[in-house]
Amino acid sequence: MLTTLTKAFIQGDWAELQSKLLHSTSWTQHHATMYGTDQLRRIPIAWLKLAGKCSIEHSLVINQGQQQVIQFDLTPQLPQSSQPTQSSQANHQSIPYIFWLETNGKVIKSVDAILDTRQLALATNHTPAELAQNLPQPDPLVLPAYDQQDHLQGDLATPENIGGLTGDLAHLLNTWWRIWSIGQLSEITAIYAENATISLPAADSKDSRLSLFHYISNQYSALTRIFCQIEKLISDTNQVAIKWHLDADEQGSGIRVPFITILTIEDGKIIADNTCCDIIAHGKRFTNSKLFTD
Amino acid sequence: MYQDKPECWDKVTQVYWKNLPELLTPKGPKIQKLPGFDDEFIDIVDYIIRITHKIWEQKNIGYCHDYYGDICPVHTLSSYSDDISTVVNNTLQTLAAFPDRTLIGENVIWRDLGATAGYYSSHRITSIMTNTGPSEFGEVTGKTGRVTTIADCICYENKIIYEWLMRDNSFLLKQLGLDIIDTAHQMANAPASSQFLTWRAAEITRIKAKQPSQQQWPTPVNSELTHLANRWIATCFNDKNYGLINQLYHLNAKIQWPGGVEGIGIPAIRGIFIQCLAQCPNAYVTADHIAVVPFEDKGFDIAIRWCLAGTFIAKDPRLEVYSGQIYFLLAATHLRVIDGKIMNEWTVFDEVAAYANLIRDFNYGSGDITC
């Protein structure tokens, strides 16, 4: 489906994308789930309206069974007069847009997509408020109140038990998961290569292991009752994609942050980590959250 | 592999990967005998998918006369009717209020009830609908909502002759920007029909006595998965041993409950059940019908129609005055079972109607309102 998404989101070829969608295809993006031609057609159109014509700086595809993860790093080709005026390095970075597809190779049953809307805003000179107006209303989902502790019941999803992984890969990914799920920061240097490139939400540049350390410790200090849940995991050769979310209380109010992380592994270590979430949609859904406020 | 497998069980239409044009033009020979059904239908799933499309999306509302029995009891948590004119009326009213309503057939879980009884169908539908006209919920909102419905039907000789209809109206109302409790008060202003009150009272009596539904059929249902369905009812509702949920669900299972409640993973699923039962701690649930079909070549789908009765304990202060009254639910659940455990669950009941019944009971003193 790489060609299909490329045609839709770069060239505006809606018919090509529509030919791959079922009448029952669901598309979840920006904390909203959409169905039907009218709603789904608006997704690439909204992207093209905000980002304009883009070039693909980088793309990758991970396949396993009927799951396919496609990541684009897209750079807007803005007219000279519309170039971002800020000199921040962030404005020249590409915009990550990740699609998690359930597909049988002929049609797409469902899409879970995460667009780095913060980076989109920076790259296209929109304020977060302007961009938020262009996002759909988030679904009025209710975050369930629950006990986030395991109480030695062994009921928690790990990369190993969700992905059916074994051996070194299972150990590596379980260790990675502990960094996020329990804040086991000391593991960062053990599993990330020294020169690993790490992209994190709301980061202004490609990060290092030290930045990851500070990023997670900052999150943990801002939140209570943190619970991380793996939803899906696929692996292909040396790349792994994980769809997961973080539930927590922020100043007494529940928040949920959906993530997709794509890891590239070489010689038993993570050499690239692209962790993406939709910051502006987060702010639209959780209006009091300051988690990603600069 | 599995005993209790009806003929052609694994050949009946599977909707998951099929697009609408393909579903509307089935090719190939008849899969099921379908005695008394029109020749065009190849199996019960095909029948359900195509008559739904014909009536609702192609707007052939008059086809209700072709596909519903002249006498067809229809139970919802807010009403009872048994005449075809009510079916036609309700269809028209809904389409007038939500003219672009789509009915996406997510799944049809069916059961052969035998030559003299027909087929049981549990049809899960996702609707996208824009409120452009006054509705049962109030004035026009202009907003679009997504709603899950499960319609359980008995189909005999080309007609639906009995129906239980469950719609997640509370999630719809939230998307329309309407308040659930205010709407429930408004709905409670209209008195309920005597047939509805009689049926509800009888069901409550039956459930409190822990009696099964009188509507039972002798045709077999996959015994292993029926056992799982009954364990689900027992564990999650009647025994309330939520530590055992890990025996029923995968560690990344996803469940959808009314009102926009969604949970992924064991802790969240436990939390959802606890929050639900906290509103009715002495609830008892009966599994009134179970159907099982294969899901692709990956697992199985289970449809459970169930009822709940117990004492209401308000969590919302605005409902506090109704604490102590009977709380009754007519509900349906679809479970997708992969490798012996639940991977997906969709549970549907009308929360708004449940609250409206409480309010109406209090206002009108309808029958015995306390447990």
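Quick caveat, the model's predicted, so the values are computed rather than measured.

Asks: Explain the overall build of chain B residue by residue, including any values.
Replies: When helices and strands are tallied, chain B shows 10 helices and 12 strands. Here the C-alpha atoms of chain B give a radius of gyration of 20 Å, agreeing with the 21 Å that 2.2 N^0.38 yields for 371 residues. Taken over the C-alpha atoms alone, chain B extends approximately 60 × 45 × 35 Å along its principal axes. A sequence separation of at least 24 residues applies to 66% of the contacts in chain B between residues at least 6 apart. When the accessible surface of chain B is split by element, carbon and sulfur atoms take 53% of a total near 14000 Å². Distance between charge centres in chain B, computed from 32 positive and 41 negative side chains, equals 4 Å.

Asks: Describe the pairing of strand S7 (residues 249-257) of chain B, with residues and values.
Replies: Residues and elements named next belong to chain B. Counting buried residues along S7, eight of its nine residues qualify, which places the element largely inside the surrounding structure. Bridging between S7 and strand S12 (residues 341-348) involves four bridges; their strand directions are parallel. Across the sheet, Gln256 pairs through a bridge with Trp346, a residue of S12. With four bridges connecting them, S7 and strand S8 (residues 261-264) associate as antiparallel partners. Residue Lys254 lies in a different strand from S8, and its bridge partner there is Ile264. As consecutive antiparallel partners, S7 and S8 are separated by three residues, and within that stretch Gly259 has a phi angle of approximately 80 degrees, a positive value.

Asks: Kindly report on the sheet that holds strand S9 (residues 284-295) of chain B, identifying the contributing residues and their values.
Replies: Strands in a sheet are paired, the pairing made by backbone hydrogen bonds, and the direction either parallel or antiparallel. Residue and element names in this part refer to chain B. Taken together, the six strands give an open sheet; going across it, the order is S8-S7-S12-S11-S10-S9, and neighbouring strands pair in mixed fashion. The two strands at the open ends of the sheet, each matched to only one other strand, are S8 and S9. Recorded for the sheet is a direction-independent mean angle of 15 degrees between the axes of neighbouring strands. Pairing geometry for strand S11 (residues 326-338) and S12, over seven bridges, is antiparallel. Counted as the bridge partner of His334 is Trp346 from S12.

Calculation criteria
- Residues numbered from 1 in each chain as written.
- Chains lettered and ligands numbered in written order.
- Predicted model: local features only at pLDDT ≥ 70, side-chain atom pairs only at ≥ 80, totals over all residues.
- Heavy atoms only, no water.
- Helix = DSSP H or I, 4+ residues; strand = E, 2+ residues; numbered from the N terminus.
- Rg over C-alpha atoms; globule rule 2.2 N^0.38 Å.
- Contact = heavy atoms within 4.5 Å.
- Areas by Shrake-Rupley, 256 points an atom, 1.4 Å probe, with all protein chains shown as cover.
- Lys, Arg positive; Asp, Glu negative; His and termini not counted.
- Charge placed at Lys NZ, Arg CZ, Asp CG, Glu CD.
- Buried < 20%, exposed > 50% of the residue type's maximum accessible area, 1.4 Å probe, protein only.
- Pairing = 2+ DSSP bridges.
- Axes fitted to C-alpha atoms, helices over the stretch in contact; angles between N-to-C directions.

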